[in-house]
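Here is what each chain is made of, one letter per residue.
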Amino acid sequence: MARRQAGRPAFLIVLALSSLAGLLPATGCNSAGGSKDDRAGTVRLAMPADPATLSFSRAHDFWSLVFTELIGDALVGLDASLEPVPRIATQWTWSEDHRQLTFELRRDALWHDGKPVTSADVVHTWKVLTDPTHGNSAWSAAMSAASRVSAPDRWTVVVDYDEPFAPALGSWCVPLIPAHRPLDDPQLVGCGPWRFESWDRGARLVLEANTEHYAAPRLRRLVFEIIPDRTTRYQALKTGELDMTGLTPEQVRTFRRNEDLQRRLAITQYRILYFFFVAWKDDGPGSLFHDPRVRRAMTMAIDREELTRLFDDLCETGATAFHPDGWAFDQTVEPWPYDPQRARTLLAEAGWHDSDGDGVLDRDGKAFRFGLMYALGSAETERIAAFVQQQLAAVGAEMTLDANEWAVFLDRARDKRDYDALMMGWRLDVDPDVYDLFHSNQRTTGRANYAQVADAQIDALIEEGRRTLDRQARRAIYSRLQQRLHQIEPVTVLFYPSSPLAYDRRLEGLETSPLGPLRFIPGAAAWHWAADGGRP
Amino acid sequence: MLAYALRRCLGALLTVLALSFVTFAVFAWLPGDPLAAFESQRRGRALDQARRTALVEELGLAAPLPARYLRWLDNALRGDLGRSLRTQRQVTEELSHRLGPTLELSIASTLLALLASLPLGWWLARKRESLLDRSALVGLVALYALPIFWLAMLLQALLAVHWSVVPLYGRLPASGASGLGTRLHHLALPAACLALHQLAFYARFARNTAAEGLDSIQTLFARACGLTEARITWRHGILPSLVALITLAGLVLPSLVSGAVLIETLFAWPGLGRLFVVAIQARDYPVVLAMTVVIGSLTVTGSLLADLGGRLADPRLRHQVSER
């Protein structure tokens, strides 16, 4: 529930690899157009489509969030390892009962129109985002966690919570909305390190550095070229029209064979906050996947290492829904090994035998048959589904492929729970809280507990984790939670994808985080061209 | 003729109305949530009840389908096509922003294609049934059958990446230059790719209609009367094929604004075709509906114009009408 509510069950369409490679991470680039002077100090990136909006109060798609975060600024930022760092708030303190959070604001933060950023703006931001009649923003849900936000003086903000809520801090990464400007302000006045310069819809969006910012960028300008096609983006990187772009696995292969390109461009890779999994629906004692041994057998029957090789190792296997780069990750919890023999034994222990010799297991006259539901969208998803089908057939489980258009998928998955097992990708939050995915409260319609997990131990650990503000104590709780999740295996983690990013070697200061190259502190503010000449 | 024209206009109007209703109804009856445009952007996270209620209220989704359609129609007739669900901007604003680039590309490519294909077609008609004509026809069929995106990617790789003679993508450079030369430079490759595809079609069309005229008994008679070959070619070959071209207006007119999705995507051209694709993916039905109605109306208008224009230009067709 922390920051970035946007990222929920991911969009399978985007099956990570390819799209992430191409779509999510930004790309950058430099102009083939402009004069030499113009180009120095500019980085050109690419994005596949226009952001839906640049409005602070309505941003909800990926690129809208990226731009509102660049143009805007927040009380708290996240560094490359996703740890909170001070931004407009110079410091924050929790009350003893952990229900009140107090922020001290810096005095030198200014809106782009020169007015100071004060506590009134923070209160205004909270009010706008929690008002249901005002459209919807990806931040709305996170903002609603606070019961009251007040401003005792110009530079202090006090936030009250009904109960201790550890993920709360992350929600203050929300870009602030100026109280002195109209909502949906066409001027797009923010207080961030980048100012809005121009947006030619369908073509490009340009930001210029805000030199008045307390942490001003080193570059002068960021140009986002809107290039929907992945091949064109890659070609533009080759011609030097872009300085940076995400690559598909196939493009990584051709890149690695091209020595000329490698002299000019470098490649980096980062694991995104996303994972791909199969949820085994457990509706209670009668259901196929009620027995944890059966679910574990399913996991052990699927060779996940082989799956990652299918994608050129641009992804990694994992044990649970805890991201390998997160602070709460417990590396002692290892994925179940690929062991079809052991899978068969587990299934036999659960009562499944092939008594009629037809190659499909059965129990009490009922065959082990089920459908795997997923959303249509990419060839990769189809490939993974077919792979899982083939692997499960080898242990005697007959799985049919149940592909659906996205809206139908959502309707059946989330609203009707009309599936046996479901495969999808999920965008994780920055905070490791897994309430949405595994708390028994989230089994209801519209919620995201797709495996229908109802486990008292898991519920208790999730709740305790949310209440615990101390990092060490919280980590210990999540360690126990990972062990429990691993033990009952409500979902099989297929992989955590990585996103490859190619960029001009002369660009310095480029780092990546699980949120990509832009959405962390310092992000693009640290980029600069090498002293010996910058652009070609 | 006047009665016929009126009858055709009325028919066209009814067709457009029916088209808009069917599109409207299809979107209403599609499985899934009508607020999916908001949901998919939220990566599948359900909207909370208060927000859902507010949105249903704002979008007027609670009313029954016929009432919603009538309200949409009423607004549309007054020039208000609603707001895009994805961007919250007026649909008319979204469309008009993209119309210019699309017209630029489609008009340029159609002109290019016609300028190149008609003379080629007429020349082939004069050489009809020769080895040259036959091999050219095979070549044209092959060109027409080539996937346009493949052709475009090949030309991009050669002309933009390898030889750097044209820009790889985009309509205007980031430098802000927007002179005629810059525009034409950016337009050249995408327009040529589209034109190559159309060229194969038009050239065959021109060749066949001209050949038909040149093979007719009238040509034989003209030749017997001692008319010059040039005059014969003009009167019995070129002229009839130009008249026949009018009937193609029904195809050309809608394609001018529907946008070439593949080419626009490949060349990052900010046209209507791409807007349409993004709108469909986001289930942004006000935009899809508006585009469908606009393209549908142009198709109907195009075929109407082709029909009436053909009759005006070609006495034989008029004659058929009066006989009927």
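Up top is the structure.
Sequence order as written defines the numbering, with residues in each chain counted from 1. As a convention, the first chain written is A and the first ligand written is 1, with the rest following in written order. It should be noted that, the model being predicted, local features are given only for residues of pLDDT at least 70 and side-chain atom pairs only at 80 or more, the latter also being counted only at that level, while totals for whole chains, interfaces and linings use all residues. Side-chain figures throughout are based on the complete set of non-hydrogen atoms in the structure, without hydrogens or water.

(A) The overall build of chain B, seen in detail. Secondary structure follows DSSP: runs of H or I at least 4 residues long count as helices, runs of E at least 2 residues long count as strands, and numbering of each begins at the N terminus. Of regular secondary structure, chain B possesses 15 helices and zero strands. Taking the principal axes of its C-alpha atoms as reference, chain B extends roughly 85 × 60 × 35 Å. Relative to its full complement of 324 residues, chain B shows a buried share of 47%. In chain B, the share of contacts with a sequence separation of at least 24, taken over all contacts with a separation of at least 6, comes to 72%. Only the protein chains shown count as cover for residues, and all accessible areas are computed by the Shrake-Rupley method using a 1.4 Å probe. When the accessible surface of chain B is split by element, carbon and sulfur atoms take 70% of a total near 15,900 Å². Buried means the residue's accessible area, taken with a 1.4 Å probe over protein chains only, is under 20% of the maximum for its type, while exposed means over 50%, and partly exposed covers the values in between. We call two residues contacting when some pair of their heavy atoms lies within 4.5 Å.

(B) Focus on the packing of aromatic side chains. Residues and elements named next belong to chain A. Stacked, edge-to-face and tilted labels apply to pairs of Phe, Tyr and Trp rings (six-membered ring for Trp) whose centres lie within 6.5 Å, assigned for plane angles under 30 degrees, over 60, and everything in between, in that order. Under the definition given, this model contains 28 aromatic pairs over all chains. Definition used: whenever NZ (Lys) or CZ (Arg) falls within 6 Å of the ring centre and also within 35 degrees of the ring normal, the charge is taken to sit over that ring. Positioned above the aromatic ring of Tyr214 is the side chain of Arg106, whose terminal nitrogen or guanidinium carbon lies 3.7 Å from the ring centre. Sitting over the face of the ring of Phe311, Arg383 holds its NZ or CZ atom 5.2 Å from the ring centroid.

(C) The arrangement of the packing of helix α5 (residues 91-126) of chain B against helix α8 (residues 180-214) of chain B in detail. Residue and element names in this part refer to chain B. Between N-to-C directions, angles cover 0 to 180 degrees, with each direction set by a line fitted to C-alpha atoms, over the stretch in contact for helices. Packing of α5 against α8 leaves a shortest axis separation of 5 Å and a crossing angle of 35°. Where α5 crosses over α8, the handedness of that crossing is right-handed. The residue inventory of the contact of α5 with α8, partitioned by class, reads 24 nonpolar, five polar and four charged. Here a crossing is called left-handed whenever its near helix is offset anticlockwise from the far helix by less than a right angle, and right-handed whenever the offset is clockwise. Three classes are used: nonpolar for Ala, Val, Leu, Ile, Met, Phe, Trp, Tyr, Cys and Pro, charged for Asp, Glu, Lys and Arg, and polar for all others, with Gly counted as polar.

(D) Broad picture of helix α7 (residues 230-239) of chain A. Residue and element names in this part refer to chain A. Listing the buried residues of α7 in full gives Thr232, Arg233, Tyr234, Gln235, Ala236 and Leu237. Polar contact criterion, stated in full: a pair of N or O atoms within 3.5 Å, where within protein one must be able to donate a hydrogen and the other to accept it, and residues adjacent in sequence count only if both atoms are side-chain atoms. Between a side-chain oxygen at the N-terminus of α7 and the backbone nitrogen of Thr231 the separation is 3.0 Å; the capping residue is Asp229. Within two residues after α7, Gly240 carries a phi angle of roughly 85°, on the positive side.

(E) Inspection of the sheet that holds strand β9 (residues 204-209) of chain A at higher detail. Residues and elements named next belong to chain A. One open sheet accounts for four strands, arranged β1-β10-β9-β8; its pairing is mixed. Of all strands in the sheet, those with a lone pairing partner are β1 (42-47) and β8 (194-200), marking the two edges. For this sheet the average axis-to-axis angle between neighbouring strands, irrespective of direction, equals 20°. Pairing between two strands is assigned when DSSP locates at least 2 bridges connecting them. Bridge count between β1 and strand β10 (residues 221-226): six bridges; the pairing is parallel. In the strand pairing of β10, Val43 is matched with Leu222. Together, β1, β8, β9 and β10 form the strand contacts of helix α3 (residues 62-71), whose direction differs from that of β9 by roughly 20°.

(F) Layout of a nonpolar patch on the surface. Candidates for patches are residues over 30% relative accessible area with no salt bridge; among them, like charges are joined within 9 Å and nonpolar side chains (Val, Leu, Ile, Met, Phe, Trp, Tyr) within 5 Å. One side-chain nitrogen of Lys or Arg within 4 Å of one carboxyl oxygen of Asp or Glu is enough to make a salt bridge. A cluster of nonpolar residues, Phe149(B), Trp150(B), Leu154(B), Leu158(B), Trp163(B), Val165(B) and Leu262(B), forms a patch on the protein surface that exposes about 690 Å² of accessible area. Turning to its location among the elements, Val165(B) is positioned in the loop between α7 (148-162) and α8.

(G) Region of interest: the environment of Arg221(A). All names here are of chain A. Locating Arg221 in the fold gives a position in strand β10. A C-alpha to C-alpha distance of 59 Å links Arg221 and Gly396, two positions 175 residues apart in sequence. Among the polar contacts listed, one links the side chain of Arg221 to the side chain of Glu197, at a separation of 3.1 Å.

(H) Quick look at the pairing of β10(A). Residue and element names in this part refer to chain A. Along β10, five of the six residues are buried, which leaves the element largely enclosed by surrounding structure. Where β9 lies against β10, five bridges are found, and the strand directions are antiparallel. Across the sheet, the residue bridging to Leu205 is Phe224, located in β10.

(I) Region of interest: the environment of Met143(A). Residue and element names in this part refer to chain A. Positionally, Met143 belongs in helix α5 (residues 140-143). Note: C-alpha distance between Met143 and Thr130 (13 residues apart in sequence) is 6.4 Å. The contact partners of Met143, leaving out residues within four places of it in the chain, are Trp126, Leu129, Thr130, Ser171, Trp172 and Val174.

(J) Spatial organisation of empty space enclosed by the protein. All names here are of chain A. With a 1 Å grid laid over protein atoms only, a set of points is called a cavity when a 1.4 Å probe fits there but cannot get out and a pocket when it is open yet has protein on both sides within 12 Å along at least five of seven lines; lining residues have an atom within 4 Å of a point. Grid points are joined across faces, edges and corners, and a volume is the space filled by probe spheres set on the points. Applying the stated criterion across every chain, the model contains nine cavities of 30 Å³ or more. For the largest cavity, the calculated volume is near 220 Å³. Forming the boundary of the largest cavity are 23 residues, of which His323, Asp429, Val430, Asp431 and Pro432 lie nearest the centre. Here the lining of the largest cavity is composed, by residue class, of 14 nonpolar, three polar and six charged.

(K) The arrangement of the nonpolar core in detail. One finds Phe103(A), Trp172(A), Phe224(A), Phe368(A) and Trp527(A) to be the most contacted residues of the largest nonpolar core, which totals 149 residues. When sequence neighbours within four positions are dropped, the list of residues in contact with Trp172(A) reads Ala74(A), Leu75(A), Val76(A), Leu101(A), Phe103(A), Val122(A), Trp126(A), Met143(A), Val149(A), Val159(A) and Tyr161(A). The set of buried Ala, Val, Leu, Ile, Met, Phe, Trp, Tyr and Cys residues whose side-chain atoms join them within 4.5 Å is what this entry labels a nonpolar core. Membership of the second largest hydrophobic core comes to 34 residues, among which are Ile227(A), Val252(A), Leu151(B) and Leu189(B).

(L) Quick peek at the sheet that holds strand β4 (residues 89-94) of chain A. Residue and element names in this part refer to chain A. Pairing in this open sheet of four strands is antiparallel, and the strands run β4-β5-β7-β6 from one edge to the other. Each edge of the open sheet carries a strand with a single partner, namely β4 and β6 (146-153). Between one strand axis and the next, the sheet turns through 20° on average, direction left out of account. In this sheet, strand β5 (residues 100-105) lies alongside β4 in antiparallel orientation, the contact comprising five bridges. Residue pairing across strands places Thr93 opposite Thr102, the latter belonging to β5. Helix-sheet contacts for helix α4 (residues 119-129) involve β5, β6 and β7 (156-161), and the interaxial angle to β6 is about 160°.

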